[in-house]
Amino acid sequence: MDFLLQVKIGALVGLLLLTLFFGFIPARVKCFRDTRGTDNHRTVLSLISCFAGGVFLAACFLDIIPDYLSDIKAELDARSVETSFPLAEFIMAAGFFMVLILERVVLNCREMRGAREETAPLLADNRSGHGHGAGADLEGSGHHVHVDFQAHSPFRSFMLFLSLSLHSVFEGLAIGLQKTDSKVLEICIAILVHKSIIVFSLSVKLVQSAVRPLWVAAYIGVFALMSPIGIAIGISVMEARLAAGALIQAVLEGLAAGTFIYITFLEILPHELNSPGKQLLKVLFILLGFSVMAGLTLWD
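Every value quoted in this text rests on a predicted model; they were computed, and no experiment measured them. (Residues numbered from 1 in each chain as written. Predicted model: local features only at pLDDT ≥ 70, side-chain atom pairs only at ≥ 80, totals over all residues. Heavy atoms only, no water.)

Participant: I tried to follow the overall build of the protein on my own but got confused; where do I start?
Facilitator: Helix and strand counts for the protein come out as 8 helices and 0 strands. From first element to last, N terminus to C terminus, the protein shows the α and β order α-α-α-α-α-α-α-α. Residues classed as buried in the protein amount to 52% of the 300 residues present. Sequence-distant contacts in the protein: of pairs separated by 6 or more residues, those separated by 24 or more amount to 80%. A total accessible area of about 13,600 Å² is found for the protein, and carbon and sulfur atoms account for 69% of it. (Helix = DSSP H or I, 4+ residues; strand = E, 2+ residues; numbered from the N terminus. Buried < 20%, exposed > 50% of the residue type's maximum accessible area, 1.4 Å probe, protein only. Contact = heavy atoms within 4.5 Å. Areas by Shrake-Rupley, 256 points an atom, 1.4 Å probe, with all protein chains shown as cover.)

Rendered as structure tokens:
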């Protein structure tokens, strides 16, 4: 077993264990059953989410996209594919729209439910900002589906779980497709910071939705497996050494890149920067996250 494969397996196990750890904290700590939350709680998670946003921004522009464009260009040249159509960028856009469509499907399912308790929006409305009072979103969840403390429905919790789980597969895929151990670690850090916040928020939502403890454990367990499954798929594609394996790998890298673009520019950064309070501190944490990843890239 080569060192790169060992690093990927280590990332797989690390993501699984840490996701389980952060996911079961709200399920085991009584104070998280309080639906009001606290200002300090929201502020801390908001700043961590800003840091994660900076990490994802750097991962997009300094690692994932440059590597993908290089790989897809090499594969198209090797197959003598010449076209004026921006195929590489189109594949990234496909990854972007795939996540967007998934979210719209989830929202449509919620709206078709038509139940009275489903009237609160699953996605926060950024146009009016995000309040920090009792019943506001859990700031800093760092994801497109932020925890709404006012709407505790098992159906909404399941929709939340479904959307986040499918999304996590593509995050893990970005790790499994990397070719160097340093890039595996860089992207793993980005996903780990992001996913720790997500699973923490998901667990809070499940606990406050009166979901049975056994189901909470099942939800968190399955969600924790999603990124490792994505890593395993990426490893399998690279290890299979198929005739078209390099092209498949490049296309999957493009889809993963589109996912990262979506996470960064339509989830983390807009949510946090449109939320009132501590704007300069939020920007500082975004720059800090970007600088850490840029330093790791420079060191590589």
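What follows continues from the structure just given.
Participant: I keep staring at the packing of helix α2 (residues 39–78) against helix α7 (residues 245–273) and nothing clicks. Help me out?
Facilitator: For any two helices packed against each other, the geometry is given by the interaxial angle and the distance between the axes. At a minimum axis separation of 8 Å, α2 and α7 run at an interaxial angle of 155 degrees. It follows from the interaxial angle that α2 and α7 lie roughly antiparallel. For the crossing formed where α2 meets α7, the hand is left-handed. Partitioned by chemical class, the residues of the contact of α2 with α7 number 21 nonpolar, 5 polar and 5 charged. (Axes fitted to C-alpha atoms, helices over the stretch in contact; angles between N-to-C directions. Parallel < 35°, antiparallel > 145°, perpendicular 65-115°, else oblique. Left-handed = near helix turned anticlockwise from the far one by under 90°. Nonpolar A, V, L, I, M, F, W, Y, C, P; charged D, E, K, R; others polar.)

Participant: Could you clarify how one ought to interpret the nonpolar core in this entry?
Facilitator: Note that soluble globular proteins tend to have their nonpolar side chains buried in a common cluster. With 44 residues, the main nonpolar core has Ile 72, Ile 175, Ile 187 and Phe 260 as its most contacted residues. Breaking this core down by element, the ones donating at least two residues are α1 (3–28), α2, α3 (87–113), α4 (154–176), α5 (181–208), α6 (213–240) and α7. Considering each element in turn, this core owes the most residues, 12 residues, to α2. Apart from residues lying up to four places away in sequence, Phe 260 is in contact with Phe 56, Ala 59, Cys 60, Ile 64, Glu 171, Ala 174, Ile 187 and Ile 191. (Core = buried A, V, L, I, M, F, W, Y, C linked by side-chain atoms within 4.5 Å.)

Participant: Help me out: how do you make sense of α2 in this one?
Facilitator: Since the α-helix turns once every 3.6 residues, residues separated by three or four places project in the same direction. If you check α2, its first and last C-alpha atoms are 56 Å apart, about what 40 residues at 1.5 Å a residue would give, namely 58 Å. The largest bend along α2 reaches roughly 45 degrees and is located at Cys 60. In the stretch just after α2, Ser 80 is the one whose phi turns positive, near 55 degrees. (Expected span 1.5 Å × (residues − 1). Bend = angle between axes of the 7 residues up to and from the residue.)

Participant: When you look at a nonpolar patch on the surface in this model, what are you seeing that I'm missing?
Facilitator: Taken together, the side chains of Phe 61, Leu 62, Phe 265 and Leu 266 present a nonpolar region at the surface, about 340 Å² in accessible area. Within the residue set of the nonpolar patch, elements represented by two or more residues are α2 and α7. For Leu 62, the position within the fold is in helix α2. Accessibility expressed as a relative area gives 31% for Leu 62, which makes it partly exposed. (Patch = residues over 30% accessible without salt bridge, like charges linked within 9 Å, V, L, I, M, F, W, Y side chains within 5 Å. Salt bridge = Lys/Arg side-chain N within 4 Å of Asp/Glu carboxyl O.)

Participant: Looking at this structure, I do not really get the pattern of salt bridges. What am I missing?
Facilitator: A side chain of one charge can pair with a side chain of the opposite charge when the charged atoms of the two come close. Within this structure, the stated rule accounts for 4 salt bridges. One salt bridge connects Lys 183 with Asp 67, and the closest N-O pair in it is separated by 3.8 Å. On the criterion of sequence distance, the pair formed by Lys 183 in helix α5 and Asp 67 in helix α2 is long-range, its members being 116 residues apart. Judged by relative accessible area, which is 12%, Lys 183 ranks as buried. Between Asp 71 and Lys 179 there is a salt bridge whose closest N-O contact spans 3.2 Å. Highlighted residues: Asp 71 in helix α2 and Lys 179 in the loop between α4 and α5, separated in sequence by 108 residues.

Participant: Explain the packing of aromatic side chains here, please?
Facilitator: Aromatic ring pairs are described here by two measures, namely the spacing of the ring centres and the angle between the planes. All chains considered together, the criterion is met by 6 aromatic pairs. Ring geometry for Phe 96 and Phe 97: centres 5.5 Å apart, planes at 85 degrees, overall edge-to-face. Among the residues examined, Phe 97 registers a relative accessible area of 45% and is labelled partly exposed. (Phe/Tyr/Trp six-rings, centres within 6.5 Å; stacked < 30°, edge-to-face > 60°.)

Participant: Even after reading the chapter, I still don't get α7, so can you show me in this structure?
Facilitator: For α7, which comprises 29 residues, the first-to-last C-alpha distance of 40 Å matches the rise-based estimate of 42 Å (1.5 Å per residue) to within 8%. A bend of about 30 degrees at Thr 264 is the largest found in α7. Burial analysis of α7 places 21 of its 29 residues in the buried class, the great majority of the element.

Participant: Help me out: how do you make sense of unusual backbone geometry in this one?
Facilitator: Note: most peptide bonds trans; most residues except glycine with negative phi. One non-glycine residue, Ser 80, adopts positive backbone phi at about 55 degrees. Inspection of the secondary structure puts Ser 80 in the loop between α2 and α3.

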